Amino acid sequence: MDERERLIEDYRKKIKEHEDTEAALKKMRLDVKQLVADYNRTEDDLKAIQSVGMLIGDVLKRMDDDRFIVKASSGPRYVVGCRTKLDKSKLTTGTRVALDMTTLTIMRPMPREVDPTVFNMLHEDSSTLGSSCAAALSALLASWLLDPLDGGPAEFTFGPKVQQKTKEQKLAAALAGARQKKKKWNKGKLREKLNAKVLFDEDGWNRLQAEVPKMKLITPSGLVERLKINSSLARAACKMLAEEGKIAPVELHHNQKIYTRVV
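Predicted model, so just to flag it, every value in this text is computed and none were measured.

What counts as what
- Residues numbered from 1 in each chain as written.
- Predicted model: local features only at pLDDT ≥ 70, side-chain atom pairs only at ≥ 80, totals over all residues.
- Heavy atoms only, no water.
- Pairing = 2+ DSSP bridges.
- Helix = DSSP H or I, 4+ residues; strand = E, 2+ residues; numbered from the N terminus.
- Buried < 20%, exposed > 50% of the residue type's maximum accessible area, 1.4 Å probe, protein only.
- Arc of directions from axis to C-beta.
- Contact = heavy atoms within 4.5 Å.
- Polar contact = N/O pair within 3.5 Å; in protein donor to acceptor, adjacent residues only side chain to side chain.
- Axes fitted to C-alpha atoms, helices over the stretch in contact; angles between N-to-C directions.
- Left-handed = near helix turned anticlockwise from the far one by under 90°.
- Nonpolar A, V, L, I, M, F, W, Y, C, P; charged D, E, K, R; others polar.

(A) Region of the structure containing the pairing of strand 6 (residues 247–252). The sheet contact formed by strand 6 and strand 7 (residues 257–261) spans 5 bridges and is antiparallel. If you follow glutamate 251 over to strand 7, its bridge partner there is isoleucine 258. Counted along the chain from strand 6 to the antiparallel partner strand 7, the turn is 4 residues long.

(B) Up close: helix 6 (residues 220–227). Among all positions of helix 6, only Pro220, Leu223, Val224 and Leu227 are buried. Buried positions in helix 6, seen along its axis, are confined to an arc of 105° and lie on one side of it. On its buried side, helix 6 packs onto helix 5 (202–210), helix 7 (231–244) and strand 7. Of the residues trailing helix 6, lysine 228 is marked for its positive phi of about 60°.

(C) Representation of the side chain of threonine 219 in the model. Topologically, threonine 219 is positioned in the loop between helix 5 and helix 6. The class of threonine 219 is buried, set by a relative accessible area of 12%. A distance of 3.3 Å separates polar atoms of two side chains, one belonging to threonine 219 and the other to serine 221. Setting aside chain neighbours within four positions, we find threonine 219 in contact with Cys238, Gln256, Lys257 and Ile258.

(D) Structural detail: unusual backbone geometry. Residues other than glycine seldom take positive phi values, yet leucine 104 does so here, at roughly 60°. Considering the arrangement of structural elements, one finds leucine 104 in the loop between strand 4 (96–100) and strand 5 (106–110). Within the chain, lysine 228 stands out as a residue other than glycine whose phi angle is a positive 60°. Mapped onto the elements of the fold, lysine 228 is located in the loop between helix 6 and helix 7. Given the relative accessible area of 38%, lysine 228 is considered partly exposed.

(E) Focus on the environment of alanine 242. Along the polypeptide, alanine 242 turns up in helix 7. On the accessibility criterion, alanine 242 (25% relative accessible area) is partly exposed. For the pair alanine 242 and threonine 260, spaced 18 residues apart in sequence, the C-alpha to C-alpha distance is 9.6 Å. Setting aside chain neighbours within four positions, we find alanine 242 in contact with Ile247 and Tyr259.

(F) Looking closely at the sheet that holds strand 2 (residues 68–72). Read across the sheet, 5 strands follow the order 3-2-1-4-5 without closing on themselves; strand pairing throughout is antiparallel. Edge positions in the sheet fall to strand 3 (77–80) and strand 5, since each has one partner strand and no second. This sheet shows a mean twist of 40° between the axes of neighbouring strands, independent of strand direction.

(G) Region of the structure containing the packing of helix 6 against helix 7. Here helix 6 crosses helix 7 at 115°, and the two axes come no closer than 8 Å. Crossing of helix 6 over helix 7 shows right-handed handedness. Two secondary-structure elements touch here, helix 6 through Pro220, Leu223 and Val224 and helix 7 through Ser231, Ala234, Arg235, Ala237 and Cys238. Classifying every residue of the contact of helix 6 with helix 7 by side-chain character gives 6 nonpolar, 1 polar and 1 charged.

Next comes the structure, spelled out in structure tokens:
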């Protein structure tokens, strides 16, 4: 019996040693995995520091296996490719990526931007809060809920309730607004109306005979501006000068007749 109990005890010790060794191996494997992740992250950071500046953008849509629509942080959108060694399954819609400055190729995905305060709150260890802090919070909450005058619960009052308008009131307001006088918009600077002459006076006739035959470009609209006459009188004057041989026709279109001086 003594030999059997000794062997059983040795067997139990070996099992215990095996369990301890297995736990230590598992811990070492986790440490190695964490070290590999830290090494890869450090390598990526070093490459980012050594490389030239990159554009930051967000993936909007995947067009095919190699092309993506990316919106840059500066505003424009590009159809870009990606590196061959990059895992394309990570380039989903909304992924933040780094683009090469020259070729606009997706170099690597990047983590999302977060507020540092919110990030620290998400990673705060709640076990550090002691019982004294919890007691202080409870006391503060109790002081808010109790009236300091009589120790009773405080009465919370809200602002006055806004009276909603009925359908009849809304309809009357709409009709009243429609009956109001519409605003007259300013038409801008209006051209002064020209008081054109329908017949030649002595001064206008002398200017027609002296100035017009010397002009290089003669049109009825030009005579209207120059002599302050109406269009009908200007057309008749051009026709008369052309018949007298003082000006020569260049283009006799029904919209505009063009004449020039006789050389």
